[in-house]
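Descriptive analysis of the structure
Here's the letter readout for the chains.
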Amino acid sequence: MKFNDGFWLLKNGVKPFYGLQVIQAKSDATGYDLQVSTRPIRHRGDTLGGPLLSVRVHSPTQGVIGLIFQYPLFPDDGPVPDVTITKDDKKWSLKSGDLTAEIQENPYTITFKSPTRVLTESGYRHQAPFPRVRYINSELNTSPGELIYGLGEQFGPFVKNGQSVKVWNQDGGTSSDQAYKCVPFYITNRNYGVFINHPGEVELEIGSEKVSRVGISVADSTLEYFIIYGETPLDILERYTRMTGRPAILPSWTYGLWLSTSFLTSYSNETVSGFLQGMKERNCPVRVFHFDCFWMKQYEWCSFTFDPDNFPDPKAYLSEIKEKYGVKICLWINPYISQLSPIFKEGVKGGFFIKRKDGSPWQWDLWQPGLAIVDVTNPVARKWYTEKLSALLDLGVDSFKTDFGERIPHASVVFHDGSDPMKMHNTYSVIYNEMVFNLLKGDLVKGKPSFPVHWGGDCESTWEAMAEALRGALSLTVSGFGYASHDIGGFEGHPPPEIYQRWVAFGLFSSHSRLHGSSSYRVPWNYGEDAAKTMSKFVDTKHRLMPYLYNLSIQANWKGHPMMRAMFLEFLEDRTTHYLDRQYMLGPSLLVAPVFVPLGEETEYYIPAGTWTSFFHPERTIQGPKWVREHVPIDEIPVWVRPGSVLLLGPAGVGRPDYDYTQGLEIRAYDLEDDGPAVVVDVPVGKGLAVAGKVTVQKVKGSKDVSVDSDASIQIASIWSSG
């Protein structure tokens, strides 16, 4: 929200009450409660008018300092109390870990410091309510060279400086400024992040109103945010996800190839079996088959009943393809119930839908005729909904794609529990996903807010949309989400074979990999048999990488570190990495540079310092820092291994992502230091957080060889080293 006309003037009709001077400060064990005047206090007469701002500065956990505490946090890990409070004549200080907040009395200013520098501050005329328009606004300074990232799955420029961003979930595709998965958290390249703890709409002006400030505004009477310090960006994410929750551990089968019916295409038992047989014959093993919308009858979404014309005996058919092709089953669902659905009257009678103020169900005709929306604040409605899903699990279904949940009405509606509709608009999708997640999680480890796994929004089948998908994924994973994926080949349109093959490579070097489209199928032979050969190679590569990838998921659950990482997360000291949004790190060891240009044109990517080794062509090395320009064959993708890395690869041709990670391992050591410290790598079991053992690798001084030691349960097939 913009309140100013330039830097000095205000827009017509806007009157702020800026916090100017601390007139009272009371301390307790964790912080200060401040009373801040909105006019200069020079004598007693100045105390006779004007509102006071109440500000609480406190530390909920080590390395984090917040303003105003309102909602419950710490769903997984408990806080780490660490608060020191001091005061002198003109200043109050609150220290938590290596983060300090200094509160100046006059002019009222809160400055946030690390041990080495000022991180940011909210200074004179930085905080104010705007009563006439019912907003409250707070601004934080940005330093020269400071860059802002995150705020959820944003598809526009990765660096957010200069943008107005609205944290308000919308179904707008990947080519607009709207976002499906908004998160009120941003991270900077200056050792801190900001979490705005507000469930409703949050508007941010990131150098777009006042060019050296981030303005944060909400239509509410309170505004709460936390400054989160970390020596590295991953430290910041670790502390942020300690507060909000960490991603769940996923079953290892989810990392395999997902194949969809696509959306508007025709499909039946015969179509699905034909796809699976074709993939098997081309050595492109499918691990999850996804049935999109038309598994149900048209006009009846959601009925939670297979269309009998196309799937006359779903239980028998699902059992057949699971046995024959080794697939898990995923179904598309949403929380919207058509008036023509056979369960609509049941929902109306039970009072299970969001209501208008007159008590009738809220309905509209977008998407399905007379569509109503399940009221997820009603525990009886949640039970009713999950019982429908449980019946599908009994048929042999293993997972659900929880689509929609963004177009939630916020005007003239009533929720069962009396929630403010403006605050429920964003919160709805969290409750909806949590409801389905809790039904499915079984032996999964709990994780919030990242109820996994998340696919990007509807994208076109173009180079530009492929880049949008990557920017959205990187923005999401710097916002506390552990996993991110996208529709391989694009959703809208029919991709040219070249784009399809490039997207396949990108998709199989993402945390999760799904072939999905709108009006055309995404099976590889539709794009040429060479596309199938390329896919087969990359599917096998991903299977081989599973000991490494599964370890990353454990780290995501333990520490909140994402699998797909923007370059600056790993290379903060290299300023070049701060702007890179067409390449990424898959974990700490693999640099992936998808190709976004046609054949005949050179692709370009950046290699940080050190001797990097090509994953697919280990005889090739590059000494960084260096920009690389090269022609990339259609069946390849640049993947480089970071110096000092040890990768554990499973056997080739295993045909699935879920196998015994302790047997037949190939150990690859990349440019380890002569007689340097040993590198210790966990070998995961592949279920939950369990670790089967460890592999210890050390470079032999004066030799290319490495020494390898492992637990007795680990069976090593081969060892390779470079450097």
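Residues numbered from 1 in each chain as written. Predicted model: local features only at pLDDT ≥ 70, side-chain atom pairs only at ≥ 80, totals over all residues. Heavy atoms only, no water.

**Some thoughts on the overall build of the chain**
Threshold: Note on conventions: DSSP H or I runs of at least 4 residues are helices, E runs of at least 2 residues are strands, and numbering of each starts at the N terminus. Only C-alpha atoms enter the radius of gyration, while the globule expectation follows 2.2 Å times N to the 0.38, with N the number of residues. Here's how the labels work: a residue is buried when its accessible area is under 20% of the maximum for its type, exposed when over 50%, partly exposed in between, all with a 1.4 Å probe on protein chains only. In this description, contact between two residues means that some pair of their heavy atoms is separated by no more than 4.5 Å. Note on areas: Shrake-Rupley, 1.4 Å probe, and residue coverage restricted to the protein chains presented here. For the purpose of charge, His is not counted, nor are the chain termini; Lys and Arg are scored as positive and Asp and Glu as negative. Every charge is mapped onto a representative atom, which is NZ of Lys, CZ of Arg, CG of Asp or CD of Glu.
Helix and strand counts for the chain stand at 11 helices and 43 strands. Relative to its length of 723 residues, the chain is compact, with a C-alpha radius of gyration of 27 Å against a globular reference of 27 Å. Residues counted as buried form 58% of the 723 residues belonging to the chain. Considering only contacts in the chain between residues 6 or more positions apart, those separated by 24 or more positions represent 68%. Surface accessibility of the chain: about 27,500 Å² in total, with carbon and sulfur atoms responsible for 50%. When the 71 positive and 81 negative side-chain charges of the chain are each reduced to one mean point, those points stand 5 Å apart.

**Considering the environment of T576**
Inspection of the secondary structure assignment puts T576 in the loop between α11 (567-570) and β33 (584-586). Distance from T576 to Y606, taken between C-alpha atoms, is 8.4 Å for residues 30 residues apart in sequence. In this structure, T576 is in contact with Y606 and W627, ignoring residues within four places of it in sequence.

**Here we look at the packing of helix α9 (residues 529-544) against helix α10 (residues 546-559)**
The condition is simple: Axes here mean lines fitted to C-alpha atoms, for a helix over just the part in contact, with angles spanning 0 to 180 degrees between N-to-C directions. Oblique is the label for every angle not falling under 35 degrees (roughly parallel), over 145 degrees (roughly antiparallel), or within 65 to 115 degrees (roughly perpendicular). Under the grouping applied here, Gly and all other residues not named as nonpolar or charged are polar, the nonpolar ones being Ala, Val, Leu, Ile, Met, Phe, Trp, Tyr, Cys and Pro and the charged ones Asp, Glu, Lys and Arg.
Where α9 contacts α10, the two axes come as close as 5 Å, and the packing angle between them is 60°. Taken together, the axes of α9 and α10 are oblique relative to one another. For the pair formed by α9 and α10, the contact residues are K542, H543 and R544 on the first element and M546, P547 and L549 on the second. Taken together, the residues of the contact of α9 with α10 break down into 3 nonpolar, 1 polar and 2 charged.

**A few points about the layout of surface pockets**
The criterion, for reference: Lining residues are defined by having an atom within 4 Å of a point belonging to a cavity or pocket. Those points lie on a 1 Å grid over the protein atoms alone, cavities being sets where a 1.4 Å probe fits but cannot get out and pockets being open sets with protein on both sides within 12 Å along at least five of seven lines. Grid points are joined across faces, edges and corners, and a volume is the space filled by probe spheres set on the points.
Approximately 510 Å³ is the volume attributed to the second largest pocket. Looking at the second largest pocket, it is lined by 19 residues, and the ones nearest its centre are Y548, L552, P588, S589 and V680. At 6 residues, α10 tops the list of elements feeding residues into the lining of the second largest pocket.

**Brief notes about the nonpolar core**
Applicable threshold: Put simply, a nonpolar core is a bunch of buried Ala, Val, Leu, Ile, Met, Phe, Trp, Tyr and Cys residues held in one set by side-chain atoms that sit within 4.5 Å of each other.
Core analysis: the largest hydrophobic core is formed by 141 residues, its most contacted members being F291, I321, Y428 and M535. Tallying contributions element by element places helix α7 (residues 463-477) first for this core, with 9 residues. With near-sequence residues (within four places) excluded, Y428 lies in contact with P335, I354, I373, V374, V376, G405, I408 and F415. Ranked by size, the runner-up nonpolar core spans 40 residues in total, among them V55, L119, I148 and A179.

**Let's talk about helix α1 (residues 233-244)**
What counts here: Under the convention used throughout, the expected extent of a helix is 1.5 Å for every residue step, that is, one less than its residue count.
Helix length check: α1 (12 residues) gives 16 Å between terminal C-alpha atoms against 16 Å at 1.5 Å per residue, within 8%. Looking at α1, one finds that the buried residues are P233, L234, I236, L237, Y240, T241, M243 and T244. Phi turns positive one or two residues past the end of α1, at G245, with a value near 115°.

**Some words on the environment of G13**
With respect to the helices and strands, G13 occurs in the loop between β2 (9-10) and β3 (21-27). Judged by its relative accessible area of 46%, G13 is partly exposed. Linking G13 and F130, residues 117 residues apart in sequence, is a C-alpha distance of 9.8 Å.

**Description of the pattern of salt bridges**
Where we set the bar: Whenever Lys or Arg places a side-chain nitrogen within 4 Å of a carboxyl oxygen from Asp or Glu, that contact is recorded as a salt bridge.
Scanning the model with the defined rule gives 30 salt bridges in all. Across the pair R282 and E529 runs a salt bridge whose closest N-O atoms are separated by 3.0 Å. Of this pair, R282 sits in the loop between α2 (269-281) and β22 (286-291) while E529 sits in helix α9, and the two are 247 residues apart along the sequence. R282 sits in the partly exposed class, given a relative accessible area of 24%. Judged by relative accessible area, E529 falls into the partly exposed class, the value being 42%. For D307, the salt bridge is made with K297, and the minimal N-O distance between the two is 3.8 Å.

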